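Fold and geometry: a report
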Amino acid sequence: MVSEGRPVRRGALVGIQGSLQVFDEDGKNVTPHPLFQSDPNTAGSRTYGSSSTWISNKSTTKSGLEGTAEPGSGQDPTLSLSAVQVGQEEMEEELTEADLDQRVDIYLSETDTLWMFDMPSVMVSVEAEDAGRVLERNKIYADICKTKAGSERFEERMVQTLAGAAKNKEVQCETIIMEDKGMMVTSWDLDNSLDASEIEPTSRAEGFGATTGGSSKSPTTKEQEQTVSVSSDREPDITSDRGDTATATEEDEEEEHDKEKKDEGKEGKGFIDPSMTINKTPEEDAAPRLEQLWSYTCDLTSGHSVSSMAWNKVNPDLLAIGYREFDSKDQKKGLACCWSLKNPMWPERIFQCDHGVTAVDFSLASPNLLAVGTSSGSVAVYDVRSRNDAAFLDSSASLNKHTGAVWQLRWVEQDRGATEGDKKERLMCISADGRVTEWLIQQRLDCIDLMKLRRTEREKKKLPGEKERKSEAPISQQAAGMCFDFHPEDTDIYLAGTDEGHIYQCSCSGKEQILGTYRGHKGPVYRVAWNPSSTDMFLSCSADWSTILWHRDSQTPLLTFSSVTAFVHDIMWSPKSAFIFAAVKESKVEIWDLSVSIFNPVISHAANPEANLTSILFAKNTNCLLLGDSLGGVGVWELFNLDAPGSNKVGTLHDIVCPVGAV
């Protein structure tokens, strides 16, 4: 940098107040013009590359050069490049002390930076502001790398190709028509189809032989009639007539053969009454009959005897069945199974019991609770919603539990002790130890006694001169309770049947209050049942081969039904008619319609000749009957051609029974 006021070579450069001029030998001003015009307010400036330098100096140095010109003259103040360079060399050489002490102000400025390449650093200082965030991200990445090493979904590859975006392609076509078709197929249909497939090749061969052999024989009378009936314009073709006749005869024989096979299959399987003939008349078709639909059976229940059945009171498709085994000395464990109409091959729930199950019943207030009574006297409550087969409540810890078999139990709604007529559901049981109990559903099962049944002396004929004796003399020995049934309208009243053949009408209002005693059976009473429509009448069945119809206000039997000399194990009124009831006697089931006959049943059917029937139950929604047997099977049978409810033949059951009772 060159400061202003420096001396230059005489005769060549002339400087006045910082201006330089160059003259040739002739004295002409040949000072070159500058390319950059500086600001006149600035003392002097020069530009080097991309930076500029401004030099200011308040003092001026007067040079003793000759031929100098005053400022403002017409001479050019610029110098040639060579002269300037010579002047710079001389000025560098002739600096004085005053020039060195002189104050010089220098101002530097930079142009905008142009970034041609930017590569961020991979290192961050620990003192940087985002050092904590970077350390946290590094820690997360290290954890991910550790977890990937043992992960089954991680696979290390050299190249990871990004999956392309999914594309949807739409295609328009004709509407696909969907149709649902189904049919019911029974087991005999499958057998007949199998038999037909085996017989068809043989019958075809026989028919072919008959056709070829028939061509050499004389035509039958039927063939002659067909031949004569042909028009006389053309000659009758006897050969074709013979062939057509033989083919028709073959088809008729095959149809008759198939019908015979089907009828034989039905009779062999026992799905219809064997007494019914194949060629039925219209009157026989209209006669009442039973036809089996299916059966609830499986390998698990085989060998057990069906002791009791009960429908779920909310879900009519759910059936509870109790199984027991008393034939062998070593009694098998009992079963309580819940079956569904959707699967007759295997039960939905299976509850294993240590002893044979003798009674089951569903609760109405809590339809998921199933009460089970066993031959050991224990009572258990199961929750059918649970997959666990353990009992929800058990009477094993009760100090007042039964000591004999619980032959029947029932959930009963009673308003006894309730406020404002609210009914409370109670669990009632009758046992072989002679007690009728009410079980309290608490944290554990416990019971209270409603009645203790005691044996009574039999009535003896009074001899002449003999003193009168009391008809009923209670003794200490208790009578075994076999069955009971609560009145459909007044649930405080119930009937209790005993092993000595007596039926007691009792009340829950007072302890051990007997309202009446009905004597008519000579053996244990297996079942009592109130009529659901005529609520003042009830039925009872016994081991003395009889079924008796009673009136509540009369201790004398109204009607006695005994068609077969066999034990009557169970009875039940039809829920759709006050005149119809069913009874099971060993291997037969009898359907009685009192509006048709009081002497003979309308249906007497051998449901399963190989086993004895033990239990019966009517379906509530359809005309079906369930029959349980001693081999563990429960057959579902459909009733046909029974009188519809509300028939106008007889007004009420009293119109049938009362005249008979009066006689």
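First things first, this report covers the structure right here in the doc. (Residues numbered from 1 in each chain as written. Predicted model: local features only at pLDDT ≥ 70, side-chain atom pairs only at ≥ 80, totals over all residues. Heavy atoms only, no water.)

A few points about the layout of surface pockets
Taking a probe equal in size to a water molecule and rolling it over the atoms shows the remaining empty space. Put simply, the second largest pocket is a space of about 1,300 Å³. Among the secondary structure elements, those contributing two or more residues to the lining of the second largest pocket are strand 6 (305-311), strand 10 (357-362), strand 14 (406-414), strand 18 (481-486), strand 22 (525-530), strand 26 (568-573) and strand 30 (613-618). No other element matches the seven residues that strand 14 contributes to the lining of the second largest pocket. (1 Å grid on protein atoms, 1.4 Å probe; cavity = no way out; pocket = protein on both sides within 12 Å on 5 of 7 lines; lining within 4 Å. Points joined across faces, edges and corners; volume = space filled by probe spheres on them. Helix = DSSP H or I, 4+ residues; strand = E, 2+ residues; numbered from the N terminus.)

A look at the pattern of salt bridges
This structure, assessed with the given rule, holds eleven salt bridges. For lysine 585, the salt bridge goes to glutamate 590, with nearest N and O atoms at 3.3 Å. Each member of the pair, lysine 585 together with glutamate 590, is buried. Taken together, the salt bridges that share partners define one network made up of Asp433, Arg435 and Asp449. (Salt bridge = Lys/Arg side-chain N within 4 Å of Asp/Glu carboxyl O. Buried < 20%, exposed > 50% of the residue type's maximum accessible area, 1.4 Å probe, protein only.)

A few points about the packing of aromatic side chains
According to the stated counting rule, one finds 13 aromatic pairs in the structure shown. Centre to centre, the rings of phenylalanine 486 and tyrosine 494 are 5.2 Å apart; their planes meet at 35°, and the pair counts as tilted. Here tyrosine 494 falls in the buried class, since its relative accessible area comes to 0%. Between phenylalanine 581 and tryptophan 592, the aromatic rings sit 6.1 Å apart at their centres with planes inclined by 0°, giving stacked as the arrangement. Linking phenylalanine 581 in strand 27 (residues 580-585) with tryptophan 592 in strand 28 (residues 588-593), this pair joins segments that are eleven residues apart in sequence. For the pair phenylalanine 581 and tryptophan 592, a shared accessibility class is recorded, and that class is buried. Over the aromatic face of phenylalanine 640 sits the side chain of arginine 289, whose NZ or CZ is 4.5 Å from the ring centroid. (Phe/Tyr/Trp six-rings, centres within 6.5 Å; stacked < 30°, edge-to-face > 60°. Lys NZ or Arg CZ within 6 Å of the ring centre and 35° of its normal.)

Looking at the environment of tyrosine 494
Checked against the element boundaries, tyrosine 494 lands in strand 19 (residues 493-498). Distance from tyrosine 494 to glutamine 505, taken between C-alpha atoms, is 5.9 Å for residues eleven residues apart in sequence. Each residue touching tyrosine 494, except ones within four places of it in the same chain, is listed here: Val436, Leu450, Met451, Asp485, Phe486, Tyr504, Gln505, Cys506, Ser507 and Cys508. (Contact = heavy atoms within 4.5 Å.)

Observations regarding the nonpolar core
Of all hydrophobic cores here, the largest spans 20 residues; its most connected members are Leu549, Phe561, Trp573 and Leu594. Put simply, the parts of the chain that give this core at least two residues each are strand 23 (537-542), strand 25 (559-561), strand 26, strand 27 and helix 8 (654-662). In terms of nonpolar packing, the next biggest core, distinct from the first, is built from 17 residues, Tyr296, Leu319, Leu335 and Val636 among them. (Core = buried A, V, L, I, M, F, W, Y, C linked by side-chain atoms within 4.5 Å.)

Concerning the environment of leucine 370
For leucine 370, the location among the structural elements is in strand 11 (residues 369-374). Relative accessible area serves as the criterion here: at 0%, leucine 370 is assigned to the buried category. Placed 22 residues apart in sequence, leucine 370 and phenylalanine 392 show a C-alpha to C-alpha distance of 9.5 Å. Not counting chain neighbours up to four residues away, the residues in contact with leucine 370 comprise Ala320, Cys338, Phe351, Val360, Asp361, Phe362, Ala380, Val381, Tyr382 and Val384.

Points about the sheet that holds strand 12 (residues 379-383)
Spatially, four strands are ordered 10-11-12-13 in an open sheet, and the strand pairing comes out antiparallel. At either end of the open sheet lies a strand with only one pairing partner, and these are strand 10 and strand 13 (393-394). When strand 12 meets strand 13, the two strands line up antiparallel, connected through two bridges. Each bridged residue has a counterpart across the sheet, and for valine 381 the counterpart in strand 13 is leucine 393. (Pairing = 2+ DSSP bridges.)

Considerations on the pairing of strand 27
With six of its six residues buried, strand 27 lies for the most part within the structure. Going residue by residue along strand 27, you find Ile580, Ala582 and Val584 tucked away on one face and Phe581, Ala583 and Lys585 tucked away on the opposite face as well. Sheet analysis places strand 26 next to strand 27, joined by five bridges and oriented antiparallel. When the bridges of strand 27 are listed, tryptophan 573 appears paired with phenylalanine 581. Linking strand 26 to strand 27, which pair antiparallel, is a turn of six residues. Judged from the six bridges that link them, strand 27 and strand 28 form a sheet pairing that is antiparallel. The residue bridging alanine 583 from the neighbouring strand is glutamate 590, located in strand 28. The hairpin turn running from strand 27 into strand 28, its antiparallel successor, is two residues long, and glutamate 586 in that turn takes a positive phi close to 55°.

Notes on a nonpolar patch on the surface
A cluster of nonpolar side chains, Leu114, Met116, Phe117 and Met119, forms an exposed patch at the surface whose accessible area comes to about 620 Å². Mapped onto the fold, phenylalanine 117 is located in the loop between helix 2 (97-101) and helix 3 (131-149). Given the relative accessible area of 65%, phenylalanine 117 is considered exposed. (Patch = residues over 30% accessible without salt bridge, like charges linked within 9 Å, V, L, I, M, F, W, Y side chains within 5 Å. Areas by Shrake-Rupley, 256 points an atom, 1.4 Å probe, with all protein chains shown as cover.)

Some words on the pairing of strand 6
Across the seven residues of strand 6, seven count as buried, placing the element largely inside the fold. Strand direction decides the pairing type here: strand 6 and strand 7 (residues 318-324), joined by six bridges, are antiparallel. Paired with methionine 309 across the strands is isoleucine 321, a residue of strand 7.

Structural notes on unusual backbone geometry
Not every positive phi belongs to a glycine, and tryptophan 545 is a case in point at roughly 75°. Relative to the assigned elements, tryptophan 545 resides in the loop between strand 23 and strand 24 (547-551). Even without glycine at this site, asparagine 641 takes up a positive phi of about 65°. Among the secondary structure elements, asparagine 641 is positioned in the loop between strand 32 (634-640) and helix 8.

Function cannot be inferred from these measures alone, as they are strictly geometric.
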